[in-house]
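Topology and contacts: notes
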Amino acid sequence: MANTTLYARSDTSPATSAHVSVPVLGATLAAFATISFLLCMLLGFVAPEWGLHRPWLQFYLGLTGFDLRSLALGLLQSVIFGGYAGALIAAIFNLSAGASAEQRVEPRIWPPTAAGSHG
């Protein structure tokens, strides 16, 4: 069997062409945070004795309970913090993926041959 040379090319490799859309991931995490906030507030209305809504009152600024002002503040902060987190994660990922794509890959010979053998 003849030796085969495998070349890894960055323009054809799906692993090195990874890119995440900053606005899409930002909007996705903002929607996730908003839906999670609404579900937990709804659970607080349905079963307040469980106390599962209390972490939201802790981590969100200015929330006082189950009034309209707290609901509006929670929704606004969910969109802002979720969008910020998603955009930051996507930007960091794109920077690190771009840096790893610039690394040159050396060709490998397969199967390896023993020193001195001529096939």
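Figured I'd write up the structure that's included with this text. Since this is a predicted model, take the numbers as computed values, not measurements.

Some remarks on the overall build of the protein chain
Looking only at helices and strands, the protein chain has three helices and two strands in total. In the protein chain, which comprises 119 residues, the proportion classed as buried is 21%. In the protein chain, once contacts between residues fewer than 6 apart in sequence are set aside, the share between residues at least 24 apart is 68%. Accessible surface, the protein chain as shown: approximately 8,800 Å² in total, 69% of it carbon and sulfur.

Digging into the packing of aromatic side chains
Applying the stated criterion across every chain, the model contains two aromatic pairs. Taking the centre distance of 5.4 Å and the plane angle of 35° together, the rings of Phe37 and Tyr60 count as tilted. Pair noted here: Phe37 is in helix 1 (residues 22-46) and Tyr60 is in the loop between helix 2 (54-59) and helix 3 (68-101), with a separation of 23 residues, a long-range link. In terms of burial, Phe37 and Tyr60 fall into one category: buried. Ring geometry for Phe45 against Phe66: centres 4.7 Å apart, planes inclined by 40°, an arrangement best described as tilted.

A word on the environment of Ala31
Position of Ala31 among the secondary structure elements: in helix 1. Judged by its relative accessible area of 36%, Ala31 is partly exposed.

Brief notes about the nonpolar core
In this structure, Phe37, Met41, Trp56, Tyr60 and Leu63 together form the largest nonpolar core, which totals five residues. When residues no more than four places from it in sequence are discounted, the contact partners of Met41 are Gly65 and Phe66.

Procedures and definitions
All chains use their own residue numbering, which begins from 1 and follows the written sequence. Restriction of local features to residues with pLDDT of at least 70 applies here, the model being predicted, together with a cutoff of 80 or more for giving and counting side-chain atom pairs; totals for whole chains, interfaces and linings are based on all residues. The basis for every side-chain value is the complete set of heavy atoms in the structure, and neither hydrogens nor water enter the calculation. Secondary structure elements follow DSSP: runs of H or I no shorter than four residues count as helices, runs of E no shorter than two count as strands, and numbering proceeds from the N terminus. Burial status follows relative accessibility: with a 1.4 Å probe on protein chains alone, a residue under 20% of its type maximum counts as buried, one over 50% as exposed, and anything between as partly exposed. Note on contacts: a residue pair qualifies if any of its non-hydrogen atoms lie within 4.5 Å across the two residues. Accessible surface area values rest on a Shrake-Rupley calculation with a 1.4 Å probe, where residue burial reflects the displayed protein chains alone. In summary, the pairing rule links any two rings of Phe, Tyr or Trp, Trp by its six-membered ring, whose centres are within 6.5 Å, and it sorts them by plane angle into stacked for under 30 degrees, edge-to-face for over 60 and tilted for everything else. Nonpolar cores were defined as sets of buried Ala, Val, Leu, Ile, Met, Phe, Trp, Tyr and Cys residues, with membership established by side-chain atoms within 4.5 Å.

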